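# Geometric and topological summary
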Amino acid sequence: MKKLLYPLVICTLLMTAQAQDYEKRPWMSLENRIGLALGIGTVTYLDKNTSPLIYRSKPANVRLFYNLESNTFLFSLDVDFRIGSNQPKYHPNRTLYFREEDYTGKTEDKKFPAGGSFMAGRISLGTYYKIPSTQESTFKVAVGGRISNELFYPQGWTMAGMFNALSFSPEGMVQHRINEHHSLAANLRVPVVAWPARPSYDNTVSAPDKNLVSGFFSNAEWTGVKKFLAPALGLRYDYQFSQRWGAGLQYEANWYSIQTPQPFRGTTQTVLANFYHHF
Amino acid sequence: MTSTIHQYLRTILFLIVPCLFIMASCEEELIGPQAANTPVSNFDHFWKTFDTHYGLFDVKQLDWNAMYQQFRPRVSDQMSDDELYTVLTEMIVQLNDNHVNLYPTNGELPVFPGGVIRYENGTLTILKVQEDYALEVVKNYVSLTQPSENIRFGIINNLVGYINMTGTDSRKDTEKAMDRALNELKDTQSLILDLRGHYGGMDAVSQYVAGRFTSETKLYMTSRKRNGPEHDQFTAVNEWYVRPSGGVQYTKPVIVLTSRFTQSAGETLSLALRELNHTTFMGDTTAGSFSDNPNFELPNGWIFSLSVGDYRNSEGTSFEGRGLPPAIYSKTTRDDLLAGKDPTLERAIELGMQ
């Protein structure tokens, strides 16, 4: 993924320079976009319900996004997917050794790494009200809310780190248009209501007449910030190099603190290069 | 052009790099420190996790605090991995629990399977090698079709159906495999269900499989699991019913073969089948490990599993650590297998042909 990301970033910057002579577009035009973002990041967590070990993954990230803007409102739909390997931070090279024997007396020694993988997904839908400003203002400020469903699905020898959370977050965002091509944006959101599902205290999901998925979700409950705290910060730089096409870089950081059934804490950091079509 | 690139590179770097640096430096403050990795800390974490999660102290009548008093003095921060491994495995053997395993992760020490304790030549040992059943020997008696990873079936002498299960597949794969097997075996006069090599899987899939052999609904098992640090803190009791499932139910005589290696979901399947009037159990006592056994970890990276539940039959009796005895005891020996013979299967065929 790094091999892909670096050329994309370089291309973005080169196009930034070459596009200075493109036809200028209307100032603070409405941002109606559909795009793709590719990135890398880190996910680090400590899930005391299962393990005393800090786990770390460096997953690749793919995002599809769709933004619609009217004179009064902003709407956004994001679909994220992350995948990578997953290891305890301080024990990255664990090896298991099995000694097996059958009835003939034949013995076999098997060694293999106790590795794991990390997958995560998120779908989120946001609606924001644009705070009115003067025609000359280079800032756009919007406040609103986002409904998200996020899944952490580590696979390995334990269930450490697993959760799914449906949440509603108030969110604020501000955009600064530097000139007709360049803009910077920042956003901050904090979920206030959530429906997190976690493995139970006993770390199992089996139950009569239920498959594993329904067993997992049977542990979900509505909660507030006392049991599910997950603030997220985003920074974005965009460059619109023609009337129809643009690209950018964005950084996102999340912190998670889930108190059920025992404390889970985690952080994620992601850097994404995005490409979009403006319509 | 170059100055423009530099200008925006700087903008990006000034924004993103400090964020990355701050987050990286604050990471452990944000998520908390990892527990110390010392032999004493590892022993304490191991003992404590059993103390707060093991579901069978009452059933096994074991004083876990006494175990701490017995084994903790043998642990010091100067001891080696080998010595710690010895202490931990000696302690968990006291649980007589096939679902308790220790997985060292240094690549040097072998995985320690809880195993079935057996009394042999005057000493207690753990039965680690299955010497009373082998699938390749079964194939000397019946030609097998394999519709899923863990299900095989065939017909013996055109009269007796044979299904072999080595574990559970996904519910969907199990449905397809059982449909195929029972459709082809529905006209046989009896059926042998061989669970001697059933090493477990998902209890809900076993519940479905049992439903392929009944025309009525019956309670067969209750389960509850630890949900707090005190030894008597459990979830509410779940009731497991066997009820007709799938398109075809086989309700003619069924001979169920079990062994000391029939365990976990293989045993909960056995519990369900024991409630049915048309089943006969033959072979050896099962492993006696019914509960779910999730994995946990130690600060040194080692992995271990333990039984978190208290599973009982419909009358409230626990068979953990004891296993389910067969109605007809029959044991195939290692010498039988080496000779390509399976006397237990032969007896089952004989019974099925009557």
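What you are looking at is a predicted structure, and each value in this text was computed from that prediction instead of being measured.

Scanning chain B from terminus to terminus reveals 11 helices and 15 strands. Structurally, chain B occupies a C-alpha span of about 90 × 65 × 45 Å along its principal axes. Residue burial in chain B is summarised as follows: out of 354 residues, 56% are buried. In the form shown here, chain B has an accessible surface area of approximately 14600 Å², with 48% of it arising from carbon and sulfur atoms.

A few words now on the side chain of S330 of chain B. By secondary structure assignment, the location of S330 of chain B is in the loop between β15 (328–329) and α10 (334–338). Side-chain polar atoms of S330 of chain B contact the side chain of T344 of chain B, separated by 3.0 Å.

Here the focus is the pairing of strand β3 (residues 60–69) of chain A. Residues and elements named next belong to chain A. In this structure, strand β1 (residues 33–47) lies alongside β3, joined through 8 bridges in antiparallel fashion. Bridge pairing in β3 links I40 to A60. Counting the residues between successive antiparallel strands, the hairpin from β3 to strand β4 (residues 73–88) contains 3 residues.

Below, the discussion takes up the packing of helix α2 (residues 39–53) of chain B against helix α5 (residues 81–93) of chain B. Residue and element names in this part refer to chain B. Packing of α2 against α5 leaves a shortest axis separation of 11 Å and a crossing angle of 15°. Our classification of the angle between α2 and α5 gives roughly parallel. In this structure, α2 meets α5 at a crossing whose hand is right-handed. In this structure, α2 contributes P39, N42, F43, F46, W47 and F50 to the contact, and α5 contributes L84, V87, L88, M91 and I92. Of the residues that constitute the contact of α2 with α5, the class distribution is 10 nonpolar, 1 polar and no charged.

This model, assessed by the stated rule, comprises 30 salt bridges over all chains. Its salt-bridge partner being E297 of chain B, residue R94 of chain A comes within 2.8 Å of it at the nearest N-O pair. Here R94 of chain A, found in the loop between β4 and β5 (95–101), pairs with E297 of chain B, found in strand β12 (residues 295–297), and the two come from separate chains. Accessibility expressed as a relative area gives 0% for E297 of chain B, which makes it buried. Residues participating in the shared-partner salt-bridge network are R63, D80, R122 and E252 of chain A.

Here we come to the sheet that holds strand β4 (residues 145–148) of chain B. Residues and elements named next belong to chain B. The mixed open sheet is built from 7 strands, whose spatial order is β4-β5-β6-β7-β10-β11-β15. The open sheet has two edge strands, β4 and β15, and neither has a second partner. Judged from the 5 bridges that link them, strand β10 (residues 254–258) and strand β11 (residues 279–283) form a sheet pairing that is parallel. The partner of L257 across the bridge, within β11, is M282. Strands β4, β5 (151–156), β6 (160–165) and β7 (190–194) of the sheet are contacted by helix α7 (residues 171–185), whose axis makes an angle of about 0° with β5.

Cut-offs applied
- Residues numbered from 1 in each chain as written.
- Chains lettered and ligands numbered in written order.
- Predicted model: local features only at pLDDT ≥ 70, side-chain atom pairs only at ≥ 80, totals over all residues.
- Heavy atoms only, no water.
- Helix = DSSP H or I, 4+ residues; strand = E, 2+ residues; numbered from the N terminus.
- Buried < 20%, exposed > 50% of the residue type's maximum accessible area, 1.4 Å probe, protein only.
- Areas by Shrake-Rupley, 256 points an atom, 1.4 Å probe, with all protein chains shown as cover.
- Polar contact = N/O pair within 3.5 Å; in protein donor to acceptor, adjacent residues only side chain to side chain.
- Pairing = 2+ DSSP bridges.
- Axes fitted to C-alpha atoms, helices over the stretch in contact; angles between N-to-C directions.
- Parallel < 35°, antiparallel > 145°, perpendicular 65-115°, else oblique.
- Left-handed = near helix turned anticlockwise from the far one by under 90°.
- Contact = heavy atoms within 4.5 Å.
- Nonpolar A, V, L, I, M, F, W, Y, C, P; charged D, E, K, R; others polar.
- Salt bridge = Lys/Arg side-chain N within 4 Å of Asp/Glu carboxyl O.

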